[in-house]
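The chain contents come next:
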Amino acid sequence: MKKVIAFMLCLLMLTGVLTACSSSEPAGTSGESSVVSASEGTSSEDSSGETTENIDISGQKVIVCTEAGEAADGASAQINAFKEKFNCDVELVAIPADVYKTKIQTDLAAQSGSYDVIIATMDFTLQFKDSGLLENLLDYASNPSLADPDYNVDDFIPATIASYYNEDKSSLIAYPYKADCQIIFYRKDLMEDPEEQAAFKEKYGYDLAPATSWQMYFDIAEFFTRPDEDFYGTALMMKRGCDQTTCNFFTRLLGTGQGMFEEIGGLYKPIINNENGVKVLQSFRDELVNYAVTGSDNYEYYEANLAFTDGRCMQVITWPGAWANAQNEEVSSVAGKIGAIACPGWEEGDKGGAMMGGWTIVLPSDAKNKEAAYKFIEFASSAEGEALKVSSGCFPSRQSVLHSEDSLYPDFFPIMADALANSTPAPAWAEWGELKTILDEAVSSAGTGVLEPKEALDGVVQEWNDILSDAGLLYEE
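Residues numbered from 1 in each chain as written. Predicted model: local features only at pLDDT ≥ 70, side-chain atom pairs only at ≥ 80, totals over all residues. Heavy atoms only, no water.

- An unreviewed UniProt entry lists the protein under the name Extracellular solute-binding protein, from Yeguia hominis.
- Recorded in UniProt under Sequence similarities (unreviewed entry), the annotation for the protein is "Belongs to the bacterial solute-binding protein 1 family." (UniProt positions renumbered as here; feature names shortened; annotations may be inferred.)

1. Digging into the layout of surface pockets
To find leftover empty space, one rolls a probe the size of a water molecule over the atoms.
Thought 1: Roughly 1,200 Å³ of internal volume is contained in the largest pocket.
Thought 2: Taken together, 46 residues line the largest pocket, and the ones lying closest to its centre are A97, Y100, K101, D243 and K436.
Thought 3: For the lining of the largest pocket, the secondary structure elements donating two or more residues are helix 1 (2-15), helix 2 (70-86), helix 3 (100-110), helix 4 (122-127), helix 10 (244-255), helix 12 (301-309), strand 15 (354-356) and helix 18 (432-447).
Thought 4: Among the elements that make up the lining of the largest pocket, the one with the highest residue count is helix 18 (6 residues). (1 Å grid on protein atoms, 1.4 Å probe; cavity = no way out; pocket = protein on both sides within 12 Å on 5 of 7 lines; lining within 4 Å. Points joined across faces, edges and corners; volume = space filled by probe spheres on them. Helix = DSSP H or I, 4+ residues; strand = E, 2+ residues; numbered from the N terminus.)

2. Details of helix 12
Thought 1: Within the span of helix 12, buried status applies to Y301, A304, N305, A307, F308 and T309.
Thought 2: A positive phi of about 80 degrees marks G311, the residue just after helix 12. (Buried < 20%, exposed > 50% of the residue type's maximum accessible area, 1.4 Å probe, protein only.)

3. Digging into the sheet that holds strand 13 (residues 313-318)
Whether parallel or antiparallel, the strands of a sheet pair through hydrogen bonds between backbone atoms.
Thought 1: Pairing in this open sheet of 4 strands is mixed, and the strands run 10-13-9-14 from one edge to the other. One side of each edge strand has no neighbouring strand; the edge strands of this open sheet are strand 10 (232-235) and strand 14 (338-342). The sheet shows a mean angle of 20 degrees between the axes of neighbouring strands, direction not considered.
Thought 2: Across 3 bridges, strand 10 lies against strand 13 in parallel orientation. If you follow Y232 over to strand 13, its bridge partner there is C313.
Thought 3: Sheet contacts for helix 12: strand 9 (183-187), strand 10, strand 13 and strand 14; angle to strand 13, the most-contacted strand, approximately 150 degrees. (Pairing = 2+ DSSP bridges. Axes fitted to C-alpha atoms, helices over the stretch in contact; angles between N-to-C directions. Contact = heavy atoms within 4.5 Å.)

4. Section: unusual backbone geometry
Thought 1: The backbone phi angle of N87 is positive, close to 50 degrees, even though this residue is not glycine.
Thought 2: Positive phi, normally seen in glycine, also occurs at Q111, with a value near 55 degrees.
Thought 3: Given a relative accessible area of 35%, Q111 falls into the partly exposed group.

5. Remarks on the confidence of the model for the protein
Predicted coordinates in regions of low pLDDT should not be interpreted in detail.
Thought 1: Mean pLDDT for the protein: 88, with 89% of residues reaching 70 or above.
Thought 2: In this model residues 1-44 is a low-confidence stretch, pLDDT under 50, and it forms 82 contacts with partners more than four residues away in sequence or in other chains. (pLDDT = per-residue confidence, 0-100.)

6. Concerning the pattern of salt bridges
Thought 1: In this structure the tally under the stated criterion is 22 salt bridges.
Thought 2: A salt bridge links R226 to E196; its shortest N-O distance comes to 2.9 Å. Of the two residues, R226 is situated in the loop between helix 9 (214-224) and strand 10 and E196 in helix 8 (residues 194-204); the sequence distance between them amounts to 30 residues. An identical accessibility class is assigned to R226 and E196; each is buried.
Thought 3: The closest approach of N and O atoms between D440 and K436, which form a salt bridge, is 3.5 Å. Here D440 and its partner K436 are both found in helix 18, 4 residues apart, which amounts to about one turn of the helix.
Thought 4: According to the relative accessible area criterion, K436 is buried, its value standing at 4%.
Thought 5: Through salt bridges that share partners, E70, K178 and D180 make up one connected network. (Salt bridge = Lys/Arg side-chain N within 4 Å of Asp/Glu carboxyl O.)

Below you can see the structure in the form of structure tokens.
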């Protein structure tokens, strides 16, 4: 990844292209945080018992950048409370989903100072883990003049934060912002319809219920596919190159009992082109041709969820944040009629699994207002801040918020917690973003019939081997 960043920097210098959402500072500020004197502000005691002056961020401005959609909605729900608490202004820059990663990567590599805070996906953050382009949050958390002494990192769901530490835990590049793992939504009203239940049992010989195996998922999809009614068994996120395709592939692969790599002595051997990988990839092709909503070959996250909320399919593999929208009667025709279940194993009795995703909140090293930025990061990822964004569909990473008795979604959050407990994050390598892009393209190409599954996966493994070898991560026999 360092080579990639270096290439991007060289490219930017050669072309002179610098893109940014905003790089201006508020009038009357220097971009540096001020320290309030004891007579002007408040003070606290550090661990030695000595009084320290608290850093004041009032009158400053923090520029927060993220993807338009759930993440931006979550941040928007937090901004007024932050402004009121710290008298610090916030500008939210929401970049369209199809270009936000490219734009933020370009700005980070250029060190343009465009943003003070970035809210980004897990895979994006891991690309920059060892780049030096993200601040070590522990440097700020250890400052008694700045950090909230009640901020509790142990409250995060452990798997949502572990990947952002370095090996000896002396560095932490991100706080979790939104917990995510793949999950299945289904039409509960149809699942519980006596006539549908009787017809399903007659055809398949077992009771209609939420899928407890992927084979059962396919049976349900087949049964409810009724093209003459414009109703289908599933909706798929299968647009060519869509980054959801790797997530879907990894989730089903975990259901077969394996991951994408075999670890041997601290090195890694890609194994996705084996029998399990091929049958998983073939399942997408079969589903797209036989059971999926027409047009799924061009669907990403929002299109697939819209097909479900418009009442055009029986089930969809999605992410928990879609629950809020699906239960909103103003925009969803299936509100009050849906259920959810953790992703299953491949065969009945197999252990299920799902890809863990998630969003992070980070402090770029070129931020202009770093201390004010840290206070926003701290607030936005605190229990107080998380509670503010739940209604937007930007669901919590903190155990206390997920299990709160005052939760907006008391029936759904326990299901989400169960799914998270059985989910697996992507590898915590800087190279993962590059590896994922290759797999995204292969899954969508095979799913849409451009390549045969075995051919596609063999090609991926060949490219992965080269990248892992260059990074010193490849196990070579």
